[in-house]
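Results of the structural survey
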Amino acid sequence: PLDLAERLVHVGAELRTMLFGEVRLLGAFDYKMVEEEDWEGAWSARAGVEIARVPGGHLPRVISLIFEMYDGIAPYGQFYRDDISYIGFGISLSR
């Protein structure tokens with residue numbers, strides 16, 4: 001549509017650093033402002049640890065323990081525009 005705002009500002013950063021052995025610290029931050037929302041900002045942040053084990057000849061096995069925060073417009077609300085805030089903790093197992 002012609003009346004849809006096109007401009008946005010979106011920045012983010014991620015840091016992963018070895019702590020010791022197979023344990024890494026990680027942190028990430030993301031900030032977004034959209035003209036369509038009158039430049040109201042939305043941000044998310046994550047911090048935690050990853051434990052990666054690499055058995056010989058196989059893909060690494062990774063356990064992530066992550067703390068997460070979000071504040072801003074609902075990121076998946078195409079037909080509604082609610083402000084939401086949440087704090088959470090997650091455990092992820094991947095291969």
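Residues numbered from 1 in each chain as written. Predicted model: local features only at pLDDT ≥ 70, side-chain atom pairs only at ≥ 80, totals over all residues. Heavy atoms only, no water.

Our focus in this paragraph is the overall build of the protein. Along the backbone of the protein there are zero helices and five strands. Out of the 95 residues belonging to the protein, those deemed buried represent 20%. Taking the contacts inside the protein whose residues are at least 6 apart along the sequence as the reference set, 37% of them involve residues at least 24 apart. For the protein, the exposed surface amounts to about 7300 Å²; the carbon and sulfur share of it is 59%. (Helix = DSSP H or I, 4+ residues; strand = E, 2+ residues; numbered from the N terminus. Buried < 20%, exposed > 50% of the residue type's maximum accessible area, 1.4 Å probe, protein only. Contact = heavy atoms within 4.5 Å. Areas by Shrake-Rupley, 256 points an atom, 1.4 Å probe, with all protein chains shown as cover.)

Here the structure, examined in full by the defined rule, presents five salt bridges. The partner of R16 in a salt bridge is E14, and the shortest N-O contact between them spans 2.5 Å. Given the relative accessible area of 53%, E14 is considered exposed. Linking E50 and R24 is a salt bridge whose minimum nitrogen-to-oxygen distance equals 2.6 Å. With E50 in strand β3 (residues 41-53) and R24 in strand β2 (residues 23-34), this residue pair connects regions lying 26 residues apart in the sequence. In this structure R24 comes out as partly exposed when scored by relative accessible area, which is 26%. (Salt bridge = Lys/Arg side-chain N within 4 Å of Asp/Glu carboxyl O.)

Within the secondary structure, L93 is located in strand β5 (residues 83-94). The exposed category is assigned to L93, whose relative accessible area is 66%. With 29 residues separating them along the chain, L93 and S64 place their C-alpha atoms 6.6 Å apart. Aside from chain neighbours lying at most four places away, what touches L93 is V62 and I63.

So, about the packing of aromatic side chains. Evaluation of the coordinates by the stated rule reveals two aromatic pairs. Here the aromatic rings of Y70 and Y86 are separated by 5.7 Å at their centres, their planes lie at 20°, and the arrangement is stacked. Here Y70, found in strand β4 (residues 61-73), pairs with Y86, found in strand β5; they are 16 residues apart in sequence, far enough to count as distant. Judged by its relative accessible area of 36%, Y86 is partly exposed. (Phe/Tyr/Trp six-rings, centres within 6.5 Å; stacked < 30°, edge-to-face > 60°.)

Turning next to the side chain of S64. For S64, the position within the fold is in strand β4. A relative accessible area of 8% places S64 in the buried class. Setting aside residues up to four positions removed in sequence, S64 forms contacts with V49, E50, G90, I91 and S92.

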